[in-house]
Amino acid sequence: GQFCGGEDLSECLKTVDELYNFQVGTILDYSVEGEDTEEDFENTASEIIKTMEVAAGSNGKIPFAVFKVTGIGNKDLLSKRQSQLNELTDEEKESYSKIITRIQRIISRADELNVPVLIDAEESWIQDEIDAIALDFMQLYNKERILVYNTYQLYRWEILPELKNHHEMADKIGFKIGAKLVRGAYIEKERNNAKEEEYKDPVHKTKELTDFDFNEAVKYCLENVNDISIVLGTHNEASSKLCLELMNQKNIQPSDKRVYFAQLLGMSDNISFNLAKYGYNVAKYVPYGPIESVMPYLFRRAAENSSIAGQSSREFLMLKREIRRRKKTK
């Protein structure tokens, strides 16, 4: 209940309305993981399209749609294609073709409905493949407006240069970049895999280096705001404040749709609701889906919430202070 909107779309609509009462949008995130049949992948693609159709009729309450490529395609297949160590079999080529067809179906529907779509980031051993797919679709759909957003995980030391390279490539070819900026969600898995497979750890050695790259990415995107639209996916107050200061310096209005802030449902409400109160574009990620399929997502959120130094207790203390303030005011 803390992090999840419900088991299906209809259960999420109350949350959508409640958030919008405070001018906070919703990003409906069908967070089913671990499915591995073509039928499962087709069902997930259909559900993602339903979220777009709900978004299109929401009068601005749902500003984005979102999906994970591994929700609609086999993770091992994506990894094999990225590694290029072995030629894909004919059966694997057919399965890969189906992944691209599903993505085409999703994004062409997003185009018809005029609903921007975020492609979530995943583990490094499949992320290059996801980046390539995202860039191909940006090139097709991001010429007149930004419809497709890729996600950049700045806890990886190679991602800030990659973001800049993507922008330079887009500038040469003639399309715009949609960039969701996050720190990252798979740190333990990334480090363990690097150790087991004996390659260089793709994650920054320290939190400070991650923070530096994240803030540099914010600066770079805002310096190029005519070419790059951003969704700032962060629970970090310092990074949020930095973005506000830079927007002010560059005369970017709070309501400018090229800059959005996003937090997860149940986390950092102090950031989300205060930004919205002052007219900034804010949306909450609202995951939903059958409980047994959403559990991996929920476990990551619980771990993330507890790993941010004192996050849960800090938010609890904020709530206590606010209750005392309201009682005193009353």
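To be clear, the structure that these remarks concern was listed above.
The text that follows walks through the structure, step by step, so that each part is easy to find. (Residues numbered from 1 in each chain as written. Predicted model: local features only at pLDDT ≥ 70, side-chain atom pairs only at ≥ 80, totals over all residues. Heavy atoms only, no water.)

### Observations concerning the pairing of strand S6 (residues 228-233)
It is a general feature of regular strands that their side chains alternate between the two faces of the sheet. This is how it is decided: Type-normalised accessible area, obtained with a 1.4 Å probe on protein chains alone, sets the label of each residue: buried when under 20%, exposed when over 50%, and partly exposed for intermediate values. Here a strand is any run of E in DSSP of at least two residues, a helix any run of H or I of at least four, and the numbering for each starts at the N terminus. Strand pairing follows a simple DSSP-based rule, namely that at least 2 bridges must link the two strands.
Of all the 6 residues making up S6, 5 are buried; the element is thus mostly covered by neighbouring parts of the structure. As defined by bridge partners, strand S5 (residues 177-182) adjoins S6 across 5 bridges and the pair is classed as parallel. Across the sheet, Ile177 pairs through a bridge with Ile228, a residue of S6. Alignment of S6 against strand S7 (residues 259-264), held across 4 bridges, turns out to be parallel. If you follow Val231 over to S7, its bridge partner there is Tyr260.

### As for the side chain of Glu122
What counts here: Positive charges come from Lys and Arg, negative ones from Asp and Glu, while His and the chain ends are left out of the count. Only one rule defines a salt bridge in this text: a Lys or Arg side-chain nitrogen within 4 Å of an Asp or Glu carboxyl oxygen. In this analysis, two residues are considered to be in contact whenever any of their non-hydrogen atoms come within 4.5 Å of each other.
Looking at where Glu122 falls in the secondary structure, it is placed in the loop between strand S3 (117-119) and helix H5 (124-141). No salt bridge forms around the buried Glu122; measuring N to O, its nearest opposite-charge neighbour Lys68 is 4.1 Å away. If we skip the residues at most four places from it in the chain, Glu122 touches Lys68, Val69, Thr70, Lys75, Gln127, Ile130, Gln153, Tyr186 and Glu190.

### So, the side chain of Lys180
Counted only if it meets this: A 3.5 Å cut-off defines polar contacts: any pair of N or O atoms within that distance qualifies, except that in protein one atom must be a possible hydrogen donor and the other a possible acceptor, and neighbouring residues in sequence count only when both atoms are side-chain atoms.
Mapped onto the fold, Lys180 is located in strand S5. Here Tyr285 takes part through its side chain, which lies 2.7 Å from a polar atom of the side chain of Lys180. Among all residues touching Lys180, those that are not within four sequence positions of it are Leu118, Asp120, Tyr149, Asn150, Thr151, Tyr152, Val231 and Tyr285.

### Some details on the layout of surface pockets
A probe matching the size of a water molecule, rolled over the atoms, marks out where space remains unfilled. Which entries qualify depends on this criterion: The rule is simple: put a 1 Å grid over the protein atoms alone, call a set of points where a 1.4 Å probe fits but cannot get out a cavity, call an open set with protein on both sides within 12 Å along at least five of seven lines a pocket, and count a residue as lining if it has an atom within 4 Å of a point. Grid points are joined across faces, edges and corners, and a volume is the space filled by probe spheres set on the points.
The space that makes up the second largest pocket amounts to roughly 1100 Å³. As for the second largest pocket, its lining consists of 29 residues, and the residues nearest its centre are Asp269, Asn270, Ile271, Phe273 and Asn274. In terms of residue count, the dominant contributor to the lining of the second largest pocket is helix H12 (residues 311-329) (9 residues).

### Focus on the packing of helix H4 (residues 90-113) against H5
Test applied: Structural elements are reduced to axes, namely lines fitted to C-alpha atoms, with helices fitted over the stretch in contact, and the angle between N-to-C directions of any two is expressed from 0 to 180 degrees. Reported orientations rely on four angle classes, namely roughly parallel under 35 degrees, roughly antiparallel over 145, roughly perpendicular from 65 to 115, and oblique for the rest. If you view the pair so one helix is near and one far, a crossing is left-handed when the near helix is turned anticlockwise from the far one by less than a right angle, and right-handed when it is turned clockwise.
Direction vectors running N to C along H4 and H5 enclose 40°, while the axes themselves pass 12 Å from each other. Overall, the two elements H4 and H5 adopt an arrangement that is oblique. For the pair H4 and H5, the sense of crossing is right-handed. Residues Tyr96, Ile100, Ile103, Gln104, Ile107, Ser108 and Asp111 of H4 pack against Glu129, Ile133, Phe137 and Tyr141 of H5.

### Some words on the pattern of salt bridges
Tallied over the full model, the rule gives 24 salt bridges. A salt bridge links Lys75 to Glu123, with the shortest nitrogen-to-oxygen separation between them at 3.0 Å. Taken together, the positions of Lys75 in helix H3 (residues 75-83) and Glu123 in the loop between S3 and H5 put the pair 48 residues apart, joining distant regions of the chain. Put simply, Lys284 and Asp269 hold a salt bridge, and the shortest N to O gap is 2.7 Å. Residue Lys284 is located in strand S8 (residues 282-288), and its partner Asp269 is located in helix H10 (residues 269-277); the two are separated by 15 residues in the primary sequence. A relative accessible area of 34% means that Asp269 is categorised as partly exposed. The network of salt bridges with shared partners includes Glu38, Glu42, Arg102 and Arg105.

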